[in-house]
Amino acid sequence: MAKGVRNIEAWEAALIKAMLAEGKLTNDQIAFHFARLDRTVNPGRISEIKLGHCHAEVEPATSAQVAAYLRTCRMPGDARKAFFDEVPLHPVNLKALFRLRDGTADVLDVAETDRVECKESFHQRGEGRAKFARTIAGFSNARGGFLLFGVRDDDMKIVGVDPAHIANFDGATLDRFLSDAFAPVPIWEPAEYIIGGKSIFIIYVREAPRKPVICTKNEGQSLKEAEIYYRYPSETRRIKYAELVGLLDERTKTTERRWADVLRQVE
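All of these numbers come straight from a predicted model, not from anything done at the bench. (Residues numbered from 1 in each chain as written. Predicted model: local features only at pLDDT ≥ 70, side-chain atom pairs only at ≥ 80, totals over all residues. Heavy atoms only, no water.)

Teacher, can you tell me more about the overall build of the chain here?
When you go through the chain residue by residue, the secondary structure sums to 10 helices and 8 strands. If one aligns the C-alpha atoms of the chain with their principal axes, the spans along those axes are about 60 × 60 × 30 Å. Considering only intrachain contacts with a sequence separation of at least 6, the fraction spanning at least 24 residues in the chain is 66%. Accessible surface, the chain: about 14,100 Å² in total, of which carbon and sulfur atoms supply 51%. Mean positive and mean negative side-chain charge positions of the chain (40 and 39 charges, respectively) differ by 2 Å. (Helix = DSSP H or I, 4+ residues; strand = E, 2+ residues; numbered from the N terminus. Contact = heavy atoms within 4.5 Å. Areas by Shrake-Rupley, 256 points an atom, 1.4 Å probe, with all protein chains shown as cover. Lys, Arg positive; Asp, Glu negative; His and termini not counted. Charge placed at Lys NZ, Arg CZ, Asp CG, Glu CD.)

It is not clear to me how the pattern of salt bridges should be interpreted in this structure. Could you clarify?
Pairing is possible between side chains of opposite charge, provided their charged atoms come close. Scanning the entire structure with this criterion turns up 15 salt bridges. With its nearest N and O atoms 2.4 Å apart, the salt bridge here joins Asp 106 to Lys 157. Separated by 51 residues along the polypeptide, Asp 106 in the loop between helix H6 (91-97) and strand E1 (116-119) and Lys 157 in the loop between strand E2 (145-149) and helix H8 (163-167) bring together distant segments of the chain. Assessed through its relative accessible area of 24%, Lys 157 is described here as partly exposed. With a closest N to O distance of 2.5 Å, Arg 206 and Glu 189 form a salt bridge. Pair noted here: Arg 206 is in the loop between strand E5 (198-205) and strand E6 (214-215) and Glu 189 is in strand E4 (residues 188-195), with a separation of 17 residues, a long-range link. (Salt bridge = Lys/Arg side-chain N within 4 Å of Asp/Glu carboxyl O. Buried < 20%, exposed > 50% of the residue type's maximum accessible area, 1.4 Å probe, protein only.)

Where do I start with the packing of helix H1 (residues 10-22) against helix H5 (residues 76-86) in this structure?
The relative placement of two packed helices is expressed as an angle between their axes plus a distance between the axes. Running from amino to carboxyl end, H1 crosses H5 at an angle of 70 degrees, the nearest separation of the two axes being 11 Å. Between H1 and H5, the interaxial angle falls into the category roughly perpendicular. On H5, the residues that touch Trp 11, Ala 14 and Leu 15 of H1 are Pro 76, Ala 79, Arg 80 and Phe 83. Of the residues in the contact of H1 with H5, the class split is 6 nonpolar, no polar and 1 charged. (Axes fitted to C-alpha atoms, helices over the stretch in contact; angles between N-to-C directions. Parallel < 35°, antiparallel > 145°, perpendicular 65-115°, else oblique. Nonpolar A, V, L, I, M, F, W, Y, C, P; charged D, E, K, R; others polar.)

Is there a simple way to think about the layout of surface pockets in this case?
Any empty space left between atoms is shown by rolling a water-sized probe over those atoms. Of the volumes computed, that of the largest pocket is approximately 220 Å³. What lines the largest pocket is Glu 207, Ala 208, Pro 209, Arg 210, Lys 211, Leu 247, Glu 250, Arg 251, Thr 254, Thr 255 and Arg 258. Broken down by class, the residue content of the lining of the largest pocket amounts to 3 nonpolar, 2 polar and 6 charged. Of the volumes computed, that of the second largest pocket is approximately 160 Å³. Glu 59, Leu 89, Pro 91, Leu 94, Lys 95, Ala 191, Glu 192, Tyr 193, Ile 194 and Ile 195 are the residues that line the second largest pocket. At the level of elements, H6 and E4 are the ones that each hand at least two residues to the lining of the second largest pocket. Counting residues per element, the lining of the second largest pocket draws most heavily on E4, at 5 residues. For the lining of the second largest pocket, a count of residues per class yields 7 nonpolar, no polar and 3 charged. (1 Å grid on protein atoms, 1.4 Å probe; cavity = no way out; pocket = protein on both sides within 12 Å on 5 of 7 lines; lining within 4 Å. Points joined across faces, edges and corners; volume = space filled by probe spheres on them.)

Whenever I open this one, unusual backbone geometry confuses me. Can you help?
Glycine aside, residues mostly have negative phi angles, and peptide bonds mostly take the trans form. For the bond running from Ala 183 to Pro 184, omega is -10 degrees, close enough to zero to count as cis. Turning to its location among the elements, Pro 184 is positioned in the loop between strand E3 (182-183) and E4. Residue Lys 211 is joined to Pro 212 through a cis peptide bond whose omega torsion reads 5 degrees. Considering the arrangement of structural elements, one finds Pro 212 in the loop between E5 and E6. The backbone phi angle of His 55 is positive, close to 50 degrees, even though this residue is not glycine. As for its position among the elements, His 55 is in the loop between helix H3 (43-50) and helix H4 (63-72). One non-glycine residue, Ala 226, adopts positive backbone phi at about 80 degrees. With respect to the helices, strands and loops of the structure, Ala 226 is situated in the loop between E6 and strand E7 (229-232).

Take it as geometry only, folks, not as evidence of what the structure does.
Now the structure itself:
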């Protein structure tokens, strides 16, 4: 890596590339937005990224990520979080989160947590679909998370998913299934991620803005009407009392804040 950009991280390089592509800011102006008290960034660093002398493999950020960064750039921790929250499936985020275990060519350096679930196969119908829909609901009721298809859950070996299977994935069918099975409907986004020469299919589930997400139908052995699923470390199960009380308390607080906002507007 060129010496002049040794402190520019991949996510920042993605933002710089997007700003350069927009053409609205000069190199000096872009450099200003990335300078911090502990780091000087001069226009030459921006030029090195523009010329591909470093971070050549990094894909540009989206316009939404740029806008979020400009709102938060004086708060580095918030800025990195905003970059992720706008587009969790951006390649920069996926490369940071999901890497090969040192010394291996096909083992993912990750564990199943309250934010990650691995499944060896991807099934779009039957009990297989109901099982991962249950996990989607669990992520929605917790902090959100990643479903990784094509990764064996006992040893994290990457077995992959057929790229043709991913290309033929029918998102509208899954949308309809989730709409029939849950209320409110979980919010999700798909992506293909190639690592170790194999394709992983990823579904990222966002934390539900309105909780709890409740099952509205029976489907096989995995989904039962009126049940609420929650993601705990390494498992999705019916919600426990403590977490349910927490969700309901937060919902009450949210309602109170909304009413307070309405009352302030009419005063």
